[in-house]
Amino acid sequence: MSDTNHNAPVRVRFAPSPTGKLHVGGARTAIYNWAFARANGGTFVLRIDDTDPTRSTEENTQVILRAMRWLGLDWDEGPEVGGEFGPYFQTKRMDIYREAAERLVAEGNAYYCFCSPEQLAADRDAAKERGDSFQGYQRTCRAIDPKEAQARVAAGEPHTIRIKVPEDRGDVVVRDAVHGKVVFNARDLDDFIIFRSDGTPTYNFATVVDDAAMGITHIIRGDDHLSNTPRQVIVYEALGAPTPIFAHISMILGSDSKKLSKRHGATSVEEYRDAGYLSDAFVNYLALLGWAPDGESTVIPRERLAREFSLDHVSKNPAIMDPKKLDFINGEYLHAMSDERFAHDILLPQLAAAGLDDGSMHEEGWYRLASVAFKPRCTLSSDAAAQAHYLYAADDELVYDEKATKRWLAKQGARDALEAATAALGQLDDASWTPAAIEAALDPLPEQLGMGKGKVFQPIRVACVGGAASPGIGETLALLGRTHTLARIERAKGLAL
RNA sequence: GGCCCGUUCGUCUAGCGGUUUAGGACAUCGCCCUCUCAAGGCGGAGAUCACCGGUUCGAAUCCGGUACGGGCUACCA
């Protein structure tokens with residue numbers, strides 16, 4: 001959606017509260033903000049909304065920053081990088097809020113309220129009792145003479161500060177890039193609190209003061225904020241600041257269409273990172289959950305996201321997180337990697353993490369061959385070590401899968417196959433121990449033995465890896481090495497008929 | 001209670017009044033490839049576009065209502 005009133009350079013922001021880890025919903029909001037900024041040559045601001053001191057922690061802030069970095073969402077202004085609109089932590093902006101609130105009071109756009117919480121609750125109950133459609137604040141203290149209010153404040157009477165919704169405001173029209181124009185009636189809005197009695201600003205106030213001060217032009221956030229937006233518009237107007245364009249994006253739900261929570265599995269970004277997902281794939285998947293450039297593309301690299309992302313392709317309805325599709329996309333990114341890169345960035349770190357191989361156990365070429373063999377068989381990074389684990393077992397400790405043994409080893413002819421393999425492979429020396437040579441050596445065996453290929457190769461496979469599945473027999477044995485191969489085949493003969 | 005939002009294959013979506021016998025992707029099923037498992041290739045099934053009315057020559061697309069789901073209505077964010 002374009003707006004001729006908003007042709008200033010794009011400035012967007014992601015403003016998480018450090019009350020927990022960065023969850024997938026927040027991550028997607030961050031991705032959209034980032035992509036929108038990049039696609040429009042704008043500025044992406046990161047601000048930490050830590051006005052709730054009881055729930056905000058420094059540790060959570062660090063966790064969020066780390067998650068943002070892992071996601072590759074670089075911010076132009078914010079923690080650690082600074083910027084001319086700082087500070088970027090709300091707890092460091094308290095003076096700004098106080099000043100703004102006092103200015104609003106002085107200008108008659110806000111007023112002191114001396115109602116106690118008990119009084120407010122009683123008023124609300126009474127309204128409910130009467131069946132009033134409006135159950136908000138009755139604007140009791142609006143009528144108090146400003147001079148008197150000032151005196152009571154000076155005398156130390158507990159008070160809050162409320163915004164004054166103009167009597168004749170009429171419709172508040174929210175311009176929303178994904179929902180279009182959303183109309184609210186100002187009469188339904190109450191004079192909500194902008195400053196608590198403990199001297200701290202409320203979210204709806206602090207956010208607007210900051211967004212206005214930081215020149216934010218587009219506010220992309222979760223649609224749980226849509227209903228609060230007209231209230232915030234009132235604050236913008238009281239402040240005399242231009243209202244930005246909003247874009248309220250839907251929630252991400254679990255498989256049962258309920259709010260995503262622990263029982264749906266992983267909910268935080270770092271859990272996905274630790275589970276072996278690639279940052280690129282994760283960003284790709286999340287971006288597509290509610291946004292589609294054309295309805296055809298599934299694999300959309302972040303460069304394309306940064307080029308093409310647009311708010312008018314963002315869908316309005318909630319999206320259910322589908323781990324299967326995430327897996328598919330992750331596999332796509334993994335498979336698209338070069339063998340060298342897969343070896344260095346995925347295989348070696350995973351082998352090291354699994355305690356199997358610190359990278360010094362084989363030659364460079366071996367790891368590349370392992371990548372060729374295992375890469376197409378991996379969906380997650382963490383699959384790599386699981387795929388290769390049998391290569392690292394001691395020959396006499398290799399565990400034989402019961403079903404595979406029964407099906408392929410403890411069978412008539414299996415022993416013949418193993419004997420023939422020993423003979424054929426014995427012809428090869430270490431120097432010629434390559435996938436091609438191994439396959440060439442084993443290739444004539446089925447015909448010689450008068451047996452099917454499976455009858456010959458499967459016993460060899462089970463003998464060497466312990467199970468019925470592995471990469472091609474040539475690659476598998478090449479990776480195992482001549483000595484281990486022959487030793488394992490020898491050992492398996494004891495299990496064969 | 002009031003206000004607001006949403007509703008296209010199981011899932012993510014395309015669709016912005018005729019080009020639609022509603023397209024793609026994941027998942028699923030089948031076939032091919034094949035020494036196994038993957039990967040890859042090909043194909044199938046799968047959506048009366050929540051429901052009911054209206055506008056129109058013509059509606060998934062526009063309007064109204066209903067249902068269901070969600071949000072806000074806090075001295076939470």
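Residues numbered from 1 in each chain as written. Chains lettered and ligands numbered in written order. Predicted model: local features only at pLDDT ≥ 70, side-chain atom pairs only at ≥ 80, totals over all residues.

Participant: Any details on the overall build of chain A? Residues and values, ideally.
Facilitator: Secondary structure summary: chain A contains 21 helices and 11 strands in total. For 497 residues, the compact-globule formula gives about 23 Å, and the C-alpha radius of gyration of chain A, at 32 Å, lies well above that figure. Projecting the C-alpha coordinates of chain A onto the three principal axes gives extents of approximately 105 × 45 × 40 Å. Put simply, chain A has 497 residues, and 37% of those count as buried. In chain A, 78% of the contacts between residues at least 6 apart in sequence involve partners at least 24 apart. (Helix = DSSP H or I, 4+ residues; strand = E, 2+ residues; numbered from the N terminus. Rg over C-alpha atoms; globule rule 2.2 N^0.38 Å. Buried ≥ 20, exposed ≤ 12 C-beta atoms within 10 Å, placed from the backbone. Contact = placed C-beta atoms within 7 Å.)

Participant: Could you give an account of the nonpolar core, naming the residues involved and the relevant values?
Facilitator: Core analysis: the largest hydrophobic core is formed by 123 residues, its most contacted members being Ile 31 and Ala 247. At 9 residues, the largest contribution of residues to this core is made by helix 1 (residues 24-39). When neighbours within four sequence positions are excluded, Ile 31 is seen to be in contact with Leu 73, Val 283, Leu 286 and Ala 287. (Core = buried A, V, L, I, M, F, W, Y, C linked by C-beta atoms within 7 Å.)

Participant: Any chance you could break down the sheet that holds strand 7 (residues 193-195) for me, citing the residues and the numbers?
Facilitator: Strand order in the open sheet formed by 3 strands is 3-4-7, and the pairing between neighbours is antiparallel. The open sheet has two free edges, formed respectively by strand 3 (110-113) and strand 7, since each of these has just one partner strand. Here the average twist between neighbouring strands, direction ignored, is 45°. (Pairing = 2+ DSSP bridges. Axes fitted to C-alpha atoms, helices over the stretch in contact; angles between N-to-C directions.)

Participant: Go over the protein's contact with RNA strand B with me, naming the residues and quoting the values.
Facilitator: The local shell around RNA strand B holds 61 residues, among which Tyr 203, Ala 292, Gly 295, Asn 317 and Ala 469 are the closest. Secondary-structure elements contributing two or more residues to the surface near RNA strand B are helix 4 (117-130), strand 6 (180-185), strand 11 (319-320), helix 11 (323-336), helix 19 (453-465) and helix 20 (473-480). (Near = placed C-beta within 6 Å.)

Participant: Can you explain the environment of Val 153? Please cite residues and give values.
Facilitator: Residue placement: Val 153 occurs in helix 5 (residues 146-154). Separated by 41 residues in sequence, Val 153 and Tyr 112 place their C-alpha atoms 8.0 Å apart. When near neighbours in sequence (up to four residues on either side) are disregarded, Val 153 contacts Tyr 112 and His 159.

Participant: How would you summarise helix 20 if you had to cite specific residues and measurements?
Facilitator: In terms of burial, helix 20 is a largely internal element, 7 of the 8 residues being buried. Among the residues making up helix 20, those that are buried are Ile 473, Glu 475, Thr 476, Leu 477, Ala 478, Leu 479 and Leu 480. Looking at the packing, one finds that the buried side of helix 20 touches helix 13 (364-374), helix 17 (435-442), helix 19 and helix 21 (482-492).

Participant: Describe helix 15 (residues 402-409), and please don't skip the residues or the numbers.
Facilitator: All buried positions along helix 15 are accounted for by Thr 405, Trp 408 and Leu 409. Viewed along the axis of helix 15, the buried residues span an arc of 95°, placing them on a single side of the element. Along helix 15, exposed side chains directed more than 90 degrees from the buried face belong to Glu 402 and Lys 403. Where helix 15 is buried, its residues contact helix 16 (414-426), helix 19 and helix 21. (Arc of directions from axis to C-beta.)

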